[in-house]
Amino acid sequence: MTVRKALALVIGAVMCTGVLATGCAREHTGASSQDAHAPGSTASPAPRPAPPRSFPRPLPGIGPVMRERLPAGTRQALVVTGETESSSQARVVLYEQFPAEGWRAVAGPWPAHNGLRGWTEEHEAGDLHTPIGVFGLSDAGGRLPDPGTLLPYDEDPEFSVSGTGYLGEPLEGSFDYVVAIDYNRVPGTTPLDKSRPMGEDKGGGVWIHVDHEGPTNACVSLSEEHMRALLTALDPDMEPVVVMGPEEVLSR
């Protein structure tokens, strides 16, 4: 090999080594810059917003004042809502309480009648108003056989009525099925029981019974079909109550 060729080889090797060294340094520097911002790096991720909290649904249409009257163990509520204080027609919905969801409608809405003169918070015997409030539903009965209710049921021919109502409609069959409303009565007795713990002047015998297509003395009335549905739905283990009154009062 000549001296000139040997020098050419040495110079070429030196130049190649310089280029390779320079290229590796740049590539390594670039990789480090990218790794610092890579998704898999150890940098802390941005905090995520907390999921929205959900709350159990309160009893629809019932404000805080009436809600406070609900017994602590009650998980079944029949809500009877009159359009106005003087109305003798109402709307009925049966609600049940579920642990996470809250109150949910399970039956209704059903049309109903109430007292001829509407509603009152100070019911008196013979005033033709339906009492406003929250009352237990603990006993049932009727002239017809038990349709399959879990409530104590008293089948008795004494559940009979005759004559005509305020619109001239026949009353016969109105007490074929009844659920006693625990207003001025002793729970755990037949609806026919005439005990009046608050005295005779405060009235009594306020029932949910079969509708006769007209206003009542003080009771709430539903069609026979809806009475059977109510009787088979009510569960004493859920401590059922009726919450009833005009819309404005119930929403307080």
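Residues numbered from 1 in each chain as written. Predicted model: local features only at pLDDT ≥ 70, side-chain atom pairs only at ≥ 80, totals over all residues. Heavy atoms only, no water.

*Asks:* How should the nonpolar core be read in this particular structure?
*Replies:* Within soluble globular proteins, side chains that are nonpolar generally end up buried alongside one another. Counting residues in hydrophobic clusters, the biggest one holds 32 residues, and the most contacted among them are Leu 78, Val 80, Val 179, Ile 181 and Ile 208. Of all the secondary structure elements, the ones that give two or more residues to this core are β1 (76-82), β2 (89-98), β3 (102-113), β10 (207-210), β11 (220-222), α3 (224-233) and β12 (241-246). Leave out the neighbours within four places in its chain, and Val 80 touches Ala 90, Arg 91, Val 92, Trp 119, Val 220, Val 242, Val 243, Met 244, Gly 245 and Leu 250. Ile 62, Met 66, Leu 70 and Tyr 95 belong to the second largest nonpolar core, which has 13 residues in total. (Core = buried A, V, L, I, M, F, W, Y, C linked by side-chain atoms within 4.5 Å. Buried < 20%, exposed > 50% of the residue type's maximum accessible area, 1.4 Å probe, protein only. Helix = DSSP H or I, 4+ residues; strand = E, 2+ residues; numbered from the N terminus. Contact = heavy atoms within 4.5 Å.)

*Asks:* Is there a simple way to explain a negative patch on the surface in this structure?
*Replies:* Together, Glu 83, Glu 85, Glu 247 and Glu 248 give the surface a local cluster of negative charge. Within the secondary structure layout, Glu 247 lies in helix α4 (residues 247-250). (Patch = residues over 30% accessible without salt bridge, like charges linked within 9 Å, V, L, I, M, F, W, Y side chains within 5 Å. Areas by Shrake-Rupley, 256 points an atom, 1.4 Å probe, with all protein chains shown as cover. Salt bridge = Lys/Arg side-chain N within 4 Å of Asp/Glu carboxyl O. Lys, Arg positive; Asp, Glu negative; His and termini not counted. Charge placed at Lys NZ, Arg CZ, Asp CG, Glu CD.)

*Asks:* What should I look at first to understand the confidence of the model for the protein in this one?
*Replies:* When pLDDT drops low, the exact placement of atoms in the prediction is not to be read closely. Taken as a whole, the protein shows an average pLDDT of 86; of its residues, 78% reach a score of 70 or greater. For residues 1-41, every residue scores under 50 in pLDDT, and the model assigns this stretch 4 contacts once sequence neighbours within four places are set aside. (pLDDT = per-residue confidence, 0-100.)

*Asks:* Which parts of the structure should I look at to understand empty space enclosed by the protein?
*Replies:* The gaps of empty space that remain are located by a probe, the size of a water molecule, rolled over the atoms. Enumeration according to the criterion identifies 1 cavity of 30 Å³ or more in this entry. Within this model, the largest cavity holds a volume of roughly 30 Å³. The residue inventory of the lining of the largest cavity, partitioned by class, reads 5 nonpolar, 1 polar and 3 charged. (1 Å grid on protein atoms, 1.4 Å probe; cavity = no way out; pocket = protein on both sides within 12 Å on 5 of 7 lines; lining within 4 Å. Points joined across faces, edges and corners; volume = space filled by probe spheres on them. Nonpolar A, V, L, I, M, F, W, Y, C, P; charged D, E, K, R; others polar.)

*Asks:* Even after reading the chapter, I still don't get the pairing of β1, so can you show me in this structure?
*Replies:* The side chains of a regular strand alternate between the sheet's two faces. In terms of residue burial, β1 counts as a mostly covered element, since 7 of its 7 residues are buried. By the alternation rule, side chains of β1 split into Gln 76, Leu 78, Val 80 and Gly 82 and Ala 77, Val 79 and Thr 81, which are all buried. Sheet topology note: the β1/β2 ladder contains 7 bridges and is antiparallel. Counted as the bridge partner of Leu 78 is Leu 94 from β2. (Pairing = 2+ DSSP bridges.)

*Asks:* Would you take a moment to explain the pattern of salt bridges for this structure?
*Replies:* Once the charged atoms of two side chains with opposite charge are near each other, the side chains can pair. Applying the stated criterion across every chain yields a total of 8 salt bridges. Between Asp 176 and Arg 143 there is a salt bridge, and its shortest N-O distance comes to 2.8 Å. One end of the pair, Asp 176, is in the loop between β8 (153-155) and β9 (178-180); the other, Arg 143, is in the loop between β7 (139-142) and β8, with 33 residues separating them in the sequence. Taking relative accessible area as the criterion, Asp 176 reaches 8% and is therefore assigned buried. When its relative accessible area of 39% is taken as the criterion, Arg 143 is described as partly exposed. One continuous salt-bridge network, built from bridges that share partners, spans Glu 122, Glu 124 and Lys 202.

*Asks:* What's the story with the packing of aromatic side chains in this structure? I'm lost.
*Replies:* Pairs of aromatic rings are described using the distance from one ring centre to the other and the angle between the two planes. This structure, assessed with the given rule, holds 3 aromatic pairs. Note on Phe 159 and Trp 207: the rings are 5.7 Å apart at their centroids and 50° apart in plane angle, and the pair reads as tilted. Highlighted residues: Phe 159 in the loop between β8 and β9 and Trp 207 in strand β10, separated in sequence by 48 residues. Trp 207 shares its class with Phe 159; the two are buried. Plain terms: the ring middles of Phe 175 and Trp 207 are 5.0 Å apart, the flat faces sit at 75° to each other, and that makes the pair edge-to-face. Of this pair, Phe 175 sits in the loop between β8 and β9 while Trp 207 sits in strand β10; the two residues are 32 residues apart in sequence, bridging distant segments of the chain. This pair shows no difference in class: Phe 175 is buried, exactly as Trp 207 is. The rings of Phe 159, Phe 175 and Trp 207 are connected pair by pair, giving a single aromatic cluster. For the cation-ring pair, Arg 104 lies above Phe 98, with the distance from its terminal atom to the ring centre recorded as 4.0 Å. (Phe/Tyr/Trp six-rings, centres within 6.5 Å; stacked < 30°, edge-to-face > 60°. Lys NZ or Arg CZ within 6 Å of the ring centre and 35° of its normal.)

*Asks:* What am I meant to see in the environment of Ser 223 here?
*Replies:* For Ser 223, the location among the structural elements is in the loop between β11 and α3. Classification of Ser 223 by relative accessible area gives partly exposed; the value is 28%. Residues Ser 223 and His 209, 14 residues apart in the sequence, show an inter-C-alpha distance of 8.3 Å. Here His 226 takes part through its side chain, which lies 3.1 Å from a polar atom of the side chain of Ser 223. (Polar contact = N/O pair within 3.5 Å; in protein donor to acceptor, adjacent residues only side chain to side chain.)

*Asks:* Is there a simple way to explain the layout of surface pockets in this structure?
*Replies:* One number sums up the size of the largest pocket: a volume of about 530 Å³. Looking at the lining of the largest pocket residue by residue, the class counts come to 12 nonpolar, 13 polar and 5 charged.

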